[in-house]
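Reading the structure
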Amino acid sequence: MNSLAGRDFLSMGDLTSQELSHLLAIAAQLKAGDLSADCPRQVLGLLFRKASTRTRVSFSVAMVQLGGQVLDLNVQLTQVSRGEPIRDTARVLARYVDALAIRTYDQQELAEFAHHADIPIINALTDWEHPCQVLADLLTVQEAFGSLAGLTMAYLGDGNNMAHSLMLGCALMGMNIRVATPPDYVPHGEIVKQARELAGDRCEVMLTGDPQEAAAGAQVFYTDVWASMGQEDSAQDRIPIFAPYQINNDLLAMGDREAIVLHCLPAHRGEEITDGVMEGPQSRIWDQAENRMHAQKALLACLLGAI
Ligand code: CP
């Protein structure tokens, strides 16, 4: 039974371990062509306050492949840009579209949409979390290793929205996660607490300032840009602070021999990851980007009750 029909997806923590496993299994079956799902005449709205290549296109293609349609709502052309209250916008859009994927800054704005709209609201990235990305990330790891429980991910860089969703996602799936950041860039304590509660005694959620401690024996290496959208002014200042956390061949050599490398993209080659690692044999970055489409197709099919 599909327990996700009609639900919002605002955080990785919205899912149980069983629901996340189910979603990943459906994504794998859709990708392999072993399962099909249809959402005819259903419309997905995209409301993005920030730039996007992968999320916008992968959601659009996924919805079209499900037989539905997409409305790319340019925020600047809507009354949202002139300050129409979220509670009013949410109630009106819910009368037109069947689901809404929102990219914005404040997780609270997303929660307000979800509170007032009686359709599925999907987090397409906020400053707090990026859960759709983590669906694709876990699908990619599952493809590489066959299963997730017991593996170890080393996340290196900023304790940002990606780190937050990865910590929750790994904890749900019984994967150890070691998050290596400079001391002033640790993940938020609320997420650390939540991830550790989800992990229980099945797996470890480790924070460290030492990239080598994170890397030792890890099966998955993951990084993201050192300055996220909206932090561009501090980008130059961050480079010397984050330099020890770069994923390069020396750090990668400390991991498992079969380790894979992931990056949510876009990347700043030569900063958080070297060109050689991005293009090297351990990189699964392009499969990971493709998996955005398969994972979100599974998510849409489940939320819209097509499976
Ligand atoms: N990884 C990701 O969300 O990419 P976009 O910003 O291009 O959507």
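Here, every reference points to the structure presented above.
The text that follows walks through the structure, step by step, so that each part is easy to find.

**Examining the overall build of the protein**
- In terms of helices and strands, the protein carries twelve helices and nine strands.
- Each principal axis of the C-alpha atoms in the protein carries an extent, and together these give about 55 × 45 × 35 Å.
- Sequence-distant contacts in the protein: of pairs separated by 6 or more residues, those separated by 24 or more amount to 75%.
- Accessible surface for the protein amounts to roughly 12,900 Å². Of this, 49% is attributable to carbon and sulfur atoms.

**Topic: helix 7 (residues 189–199)**
- Those residues of helix 7 not exposed but buried are Ile191, Val192, Ala195 and Ala199. Projection of helix 7 onto a plane perpendicular to its axis shows the buried side chains occupying an angular sector of 100 degrees, all on one side. Exposed and facing more than 90 degrees away from the buried side of helix 7 are Glu190, Lys193 and Glu197.
- One or two positions beyond helix 7, positive phi appears at Gly200, with a value near 55 degrees.

**Digging into the pairing of strand 5 (residues 152–156)**
- For strand 5, the buried fraction is high: five of the five residues fall into the buried class.
- Burial of strand 5 is two-sided: the residues Thr152, Ala154 and Leu156 facing one way and the residues Met153 and Tyr155 facing the other way are all buried.
- Judged from the five bridges that link them, strand 5 and strand 6 (residues 176–180) form a sheet pairing that is parallel. Note on strand 6: the bridge partner recorded for Ala154 is Arg178.
- The parallel pair strand 5 and strand 6 is bridged by helix 6 (residues 161–173), and the resulting crossover is right-handed.
- When strand 5 meets strand 8 (residues 220–223), the two strands line up parallel, connected through four bridges. Within the sheet, the bridge partner assigned to Met153 lies in strand 8 and is Val220.

**With respect to the pairing of strand 2 (residues 69–74)**
- As paired elements, strand 1 (residues 43–48) and strand 2 share six bridges and run parallel to each other. By the bridge assignment, Val43 is partnered in strand 2 with Gln69.
- Assessed by its sense of winding, the connection that carries the chain from strand 1 through helix 2 (residues 54–65) to strand 2 is right-handed.

**Some details on the nonpolar core**
- With 66 residues, the main nonpolar core has Phe9, Leu20, Ile122, Leu135, Met175, Ile177 and Leu300 as its most contacted residues.
- Ranked by residues supplied to this core, first place goes to helix 6 with nine residues.
- Of all hydrophobic cores here, the second largest spans 19 residues; its members include Val80, Ala90, Ala114 and Ala117.

**Let's talk about the site of the ligand**
- Taken together, Ser52, Thr53, Arg54, Thr55, Arg103, His130, Gln133, Cys264, Leu265 and Arg292 are the residues near the ligand.
- Thr53 has a polar backbone atom sitting 2.7 Å from an oxygen atom of the ligand.
- One of the side-chain N or O atoms of Arg292 is found 3.3 Å from an oxygen atom in the ligand.
- Starting from 250 Å² of accessible surface for the ligand in isolation, the protein chains cover 95%.

**A short note on the environment of Thr55**
- Structurally, Thr55 is set in helix 2.
- A relative accessible area of 2% means that Thr55 is categorised as buried.
- With 234 residues separating them in the primary sequence, Thr55 and Ala289 have C-alpha atoms 9.4 Å apart.
- In this view, Thr55 contacts Phe48, Arg103, Ala124, His130, Arg292 and Gln296; residues no more than four positions away in its chain are not counted.
- Among the polar contacts made by the side chain of Thr55, one reaches the side chain of Arg292 at a distance of 2.9 Å.

**Re the sheet that holds strand 7 (residues 205–208)**
- Reading across the sheet, the five strands line up as 7-6-5-8-9 and stay open at both edges, with parallel pairing between neighbours. For this open sheet the edge positions go to strand 7 and strand 9 (260–263), each flanked by a neighbour on one side alone. Each neighbouring strand pair of the sheet contributes to a mean axis angle of 20 degrees, computed without reference to strand direction.
- In the sheet, strand 8 pairs with strand 9 via four bridges, with the strands oriented parallel. Among the inter-strand pairings, Val220 is bridged to a residue of strand 9, identified as Ile260.
- Running over the sheet, helix 5 (residues 131–145) touches strand 8 and strand 9 and is turned about 165 degrees from strand 9.
- Contacts between helix 12 (residues 285–303) and the sheet are confined to strand 8 and strand 9, with strand 9 contributing the most and set at about 50 degrees to the helix.

Procedures and definitions
- Residues numbered from 1 in each chain as written.
- Predicted model: local features only at pLDDT ≥ 70, side-chain atom pairs only at ≥ 80, totals over all residues.
- Heavy atoms only, no water.
- Helix = DSSP H or I, 4+ residues; strand = E, 2+ residues; numbered from the N terminus.
- Contact = heavy atoms within 4.5 Å.
- Areas by Shrake-Rupley, 256 points an atom, 1.4 Å probe, with all protein chains shown as cover.
- Buried < 20%, exposed > 50% of the residue type's maximum accessible area, 1.4 Å probe, protein only.
- Arc of directions from axis to C-beta.
- Pairing = 2+ DSSP bridges.
- Right-handed = clockwise from strand over helix to strand, strands pointing away.
- Core = buried A, V, L, I, M, F, W, Y, C linked by side-chain atoms within 4.5 Å.
- Near = heavy atom within 4 Å.
- Polar contact = N/O pair within 3.5 Å; in protein donor to acceptor, adjacent residues only side chain to side chain.
- Axes fitted to C-alpha atoms, helices over the stretch in contact; angles between N-to-C directions.

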